[in-house]
Amino acid sequence: MSDTVRVRFAPSPTGHLHIGGARTALFNRLYARHFGGVFVLRIEDTDRSRSTDEYIDAIIEGMTWLGLDWDEGPFRQMDRFDIYRSYVDRLIREGKAYYCYCSAEELEARRQKAMAEGKTPAYDGRCRNLTEPVPGITPAVRFRMPQIGQTVVDDLIRGKVVFDNSQLDDLIILRSDGTPTYNLTVVVDDVDMRITHVIRGDDHLNNTPKQIQLYNAFGYEVPGFAHLPMILGSDKTRLSKRHGATSVMAYRDMGYLPDALLNYLVRLGWSYGDQEVFTMEELTRYFSFDNVGKAAAVFNPEKLLWLNQQYIMAMTPEALTGMVVPFLVKENILAEGQSLDMAWLARAVKTLQERAKTLVELAKSLRYYIVEDIEFDPRAKDKFLNEKGLPLLEDLNTELAAQADFTHEGLERVFKAIVEKHGVKLGALAQPVRVAMTGGTESPGIFEVLGVLGKDKTLKRLNKAIAAIDQKG
Ligand code: GLU
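Residues numbered from 1 in each chain as written. Predicted model: local features only at pLDDT ≥ 70, side-chain atom pairs only at ≥ 80, totals over all residues. Heavy atoms only, no water.

> Honestly, the site of the ligand in this entry has me stumped. Any pointers?
Near the ligand the following residues occur: Arg-8, Ala-10, Pro-11, Ser-12, Glu-44, Tyr-182, Val-186, Arg-200 and His-204. Within the contact set of the ligand, a nitrogen atom lies 2.7 Å away from a backbone nitrogen or oxygen of Ala-10. Here an oxygen atom of the ligand and a side-chain polar atom of His-204 are 2.8 Å apart. The protein chains hide 81% of the 300 Å² of surface that the ligand would expose on its own. The class makeup of the residues in the shell around the ligand is four nonpolar, two polar and three charged. (Near = heavy atom within 4 Å. Polar contact = N/O pair within 3.5 Å; in protein donor to acceptor, adjacent residues only side chain to side chain. Areas by Shrake-Rupley, 256 points an atom, 1.4 Å probe, with all protein chains shown as cover. Nonpolar A, V, L, I, M, F, W, Y, C, P; charged D, E, K, R; others polar.)

> How should the pairing of strand β1 (residues 6–9) be read in this particular structure?
Along a regular strand, successive side chains alternate from one face of the sheet to the other. Covered by surrounding structure in β1 are Arg-6 and Arg-8 together with Val-7 and Phe-9, the residues of both alternating faces. Relative to strand β2 (residues 38–43), β1 runs parallel, the two being bridged by four bridges. Of the residues in β2, the one forming a bridge with Arg-8 is Val-40. Regarding the hand of the β-α-β motif, the stretch spanning β1, helix α1 (residues 19–34) and β2 is right-handed. (Buried < 20%, exposed > 50% of the residue type's maximum accessible area, 1.4 Å probe, protein only. Helix = DSSP H or I, 4+ residues; strand = E, 2+ residues; numbered from the N terminus. Pairing = 2+ DSSP bridges. Right-handed = clockwise from strand over helix to strand, strands pointing away.)

> It is not clear to me how the sheet that holds strand β4 (residues 97–100) should be interpreted in this structure. Could you clarify?
In sheet architecture, strand pairing relies on hydrogen bonds along the backbone and comes in two forms, parallel and antiparallel. Strand order across the open sheet formed by three strands is β4-β5-β8, with antiparallel pairing between neighbours. A strand with exactly one partner marks an edge of an open sheet, and here the two such strands are β4 and β8 (172–174). Between one strand axis and the next, the sheet turns by 45 degrees as a mean value, whatever way the strands run. Two strands pair when backbone bridges link them, and strand β5 (residues 140–143) and β8 are joined in this way by two bridges, in the antiparallel orientation. In the sheet register, Arg-142 faces β8, and the bridge partner there is Ile-172. Those strands touched by helix α3 (residues 81–93) are β4, β5 and β8, and its axis lies near 125 degrees from that of β8. (Axes fitted to C-alpha atoms, helices over the stretch in contact; angles between N-to-C directions. Contact = heavy atoms within 4.5 Å.)

> Just to check I follow, could you spell out the packing of helix α8 (residues 258–266) against helix α10 (residues 301–314) for this structure?
A pair of packed helices can be characterised by two numbers: the angle between their axes and the separation between those axes. Their axes nearest at 9 Å, the elements α8 and α10 cross at an angle of 135 degrees. Here α10 runs oblique to α8, going by the angle between their axes. For the pair α8 and α10, the crossing hand works out as right-handed. Listed contacts from α10 to Asp-259, Ala-260, Leu-261, Asn-263 and Tyr-264 of α8 are Lys-303, Leu-304, Leu-307, Asn-308 and Tyr-311. Grouping the constituent residues of the contact of α8 with α10 by class yields six nonpolar, two polar and two charged. (Parallel < 35°, antiparallel > 145°, perpendicular 65-115°, else oblique. Left-handed = near helix turned anticlockwise from the far one by under 90°.)

> Would you explain helix α5 (residues 182–192) in this entry?
At 3.6 residues per turn, the α-helix brings residues three or four places apart onto the same side. Burial analysis of α5 places nine of its eleven residues in the buried class, which makes it a mostly covered element. In the core, the buried residues of α5 are packed alongside β1, β2, α3, β8, β9 (197–201) and α6 (208–218). A positive backbone phi angle near 55 degrees is found at Arg-194, which sits one or two residues after α5.

> How should the nonpolar core be read in this particular structure?
Nonpolar side chains in soluble globular proteins tend to be buried together. Judged by nonpolar contacts, the single largest core of 107 residues is most densely connected at Leu-366 and Tyr-369. Of all the elements, helix α19 (residues 446–472) adds the most residues to this core, at twelve residues. Ignoring sequence-local partners within four residues, the contact set of Tyr-369 consists of Trp-344, Ala-348, Thr-351, Leu-352, Pro-444, Glu-448, Val-449, Val-452, Leu-453 and Lys-457. Within the second largest apolar cluster, 33 residues are counted, among which are Leu-91, Phe-163, Val-198 and Phe-218. (Core = buried A, V, L, I, M, F, W, Y, C linked by side-chain atoms within 4.5 Å.)

This is the structure we're talking about:
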């Protein structure tokens, strides 16, 4: 085996990239990067009834969005049938595999019978020692599994896991329709692609002794194995749609940042002291299977949301602005193709990024900055746009019309002079202005809001608020 670490992510394109798959891909990639190795993407699409090209695209889209780039591939198993066939032929030639003429119906009937008798269904080996072909039947090919002894999986996470060979069936490696089966293709590919470490979910642990026997039969060195702990939902059952979104792209659409999701995924099973927030560079440096636990990991959406907020807060307003634009379009705040001064938008984003947990929240909170005309929240309007506030708003309107300086300091001076003149607290002016500018009672500091809105929009909205009070009166 070469010294270079070579790992692979081998999804079956029978669905979107989900949380569990993304974590497997991430751990593989981190392991490769940590050792300066190679990360291979292999699409396991031999199940023609369930694999689709759309899902291949969806998986690639998910990985690309997460920034999980690979070094080789994507290889498709569909393109490699001749290779599998030659490996099967070799096992047959060497007497390590044999033709099986049992039909699917016969096998099913025997399975049912065994179950009814309370036995574990297993292939009974009846074609093992056939010397002559059965005419008129296209056979499947079975691997001759050792019947005695044990197979030890030396797992990087779980340590030694021992399987009795008597429990391992003579597995079908080539179906009668000529298609190879998973355990065969995975071993052939891992050999052919010179994979040094197989990192995958522990739902595959039971397949590993069978695969080790295939390595032995071919005479190839067995790679390292690391079976990642399961991911559970809050009720401790296997994570599924019942627990909410499980597809990676759904998290993109809900306004999660790829880095926040990656950061969350890595903590599903792996830890590094108490640290929660990691850069990719830190992850690459620290990653090792020594810090991956055996226990199942529980998916916690609140923690993911918290992490997302940490990432949103830490980003530069400029970078965040680029990411929020598609969400502004989706929320109908911005028309498709409508141009916007990005430097200005970044100023608006800066006033709100401390408060938003997702890009969707951020986009929604930007609405009053961007739209021409705002709506007043009825309760806020009743409470703050009334006779009491009217003289204050009118004074402000007059003062700001003559004011060129819309900086925090410039605006503060104007506000202070007005509240002093009327003998009221700042809030008596600031709240009506807030409703006038944003439609509601919650917003960043009022001077920041006016600063971003600028003089024209501010005066227009003040006038609209004054007119609304007049109408009421
Ligand atoms: N194609 C398998 C799956 O999606 C993965 C096989 C493997 O990693 O060995 O579950």
